[in-house]
Amino acid sequence: MEILKTKADMQAWSKNKKKQSRTLCFVPTMGYLHQGHVSLMEKGRPLCDELVLSIFVNPTQFGPNEDLSSYPSNIENDLLLAEKAGVTAVFLPHKKDMYPEHFQTEIKLQSLPRHLCGKFRPVHFAGVATVVTKLFNIVMPDMAVFGMKDYQQLQIIRQLVLDLDLDIRILAGEIIREKDGLAMSSRNAYLSEAQRASALSLSRSLDLARELVAKGEKSSALLRSKIEALIHSFPETEVEYISFCRPETLEEIEVIETKVLLALAVKVGKTRLIDNVLINPGR
Ligand code: AMP
């Protein structure tokens, strides 16, 4: 497994592989890897000749009061997991290489970032779209894998690839959960034992909504109020949003008659957690 620390080295490595007609699959991450990240690597591994992982805590996608400075890191363990998953190159860029002095370009989508997390994290998705575009240009992959855990991010990347005519196939990985249902996240490391118990309020809410929709409930407003009550029955929780929306556009749905995305953001103590599920009322 090669470790590449500069844009120039990464690009040269990819160009060389392409010259040999090797296909490249790419998994971008911010590190502190867990089984959710590993599942994306495992999804990509059989589909390509070379599997590239990037680890970069991108400063431009964090707001001023977010957790950039405390974001967890364990590069040694990340490299072990990457090697085990069959990664052939790891890109570990430095932020000065990614954002040199006078950097001034931003990729901004019009409507997808207005919904869900974008309402509460106004700079986040422009930061994501810009860094992912840069990473695509540096790694030059044939395909890239993103997790459905960050559903809005996945939709934004799909749209960006369409809009900018990027010749990259985007694959989506299922949400990987702990045994008790909590969606895996690097940020779960921030939770105390009591908060870890309250973090279950998110996946429990998805279960409750699924059950109620299966029984015929169609009103988003009613479902929202039941979910809110469930979440607030757990200590140290604060709902940021509970949204029933169209899976493609992320626009709110009031009456659930077709496939719907239920997406949640909840603060547990100071830790902001997200989760989501696609619900099909026909089934
Ligand atoms: P991050 O390191 O949090 O930026 O995540 C890197 C990639 O891993 C993104 O595409 C995430 O959606 C994905 N990811 C994070 N957590 C999970 C999970 N529990 N299941 C599946 N994919 C995940």
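Above this note sits the structure.
The present account deals with the structure reproduced in this document. None of the values given here were measured: they were computed from a predicted structure.

Criteria and thresholds
- Residues numbered from 1 in each chain as written.
- Predicted model: local features only at pLDDT ≥ 70, side-chain atom pairs only at ≥ 80, totals over all residues.
- Heavy atoms only, no water.
- Salt bridge = Lys/Arg side-chain N within 4 Å of Asp/Glu carboxyl O.
- Helix = DSSP H or I, 4+ residues; strand = E, 2+ residues; numbered from the N terminus.
- Pairing = 2+ DSSP bridges.
- Axes fitted to C-alpha atoms, helices over the stretch in contact; angles between N-to-C directions.
- Contact = heavy atoms within 4.5 Å.

Looking now at the pattern of salt bridges. Under the definition given, this model contains twelve salt bridges. Here R210 ties to D207 by a salt bridge, and the two come within 2.6 Å at their closest N and O atoms. Separated by three residues within a single helix, R210 and D207 lie in helix α9 (residues 200-214), roughly one turn from each other. The network of salt bridges with shared partners includes K17, R22 and E50.

What follows is about the sheet that holds strand β3 (residues 50-55). The parallel open sheet is built from six strands, whose spatial order is β1-β4-β3-β2-β5-β6. The sheet is open, and its two borders are formed by β1 (2-4) and β6 (169-173), each paired with just one other strand. Direction aside, the axes of adjacent strands within the sheet are offset by 25° on average. Pairing analysis gives two bridges linking strand β2 (residues 24-29) to strand β5 (residues 143-147), with the strands arranged parallel. Directly across from C25, in β5, lies its bridge partner M143. In this fold helix α7 (residues 151-163) packs onto β5 and β6, with an angle of close to 170° to the strand it touches most, β6.

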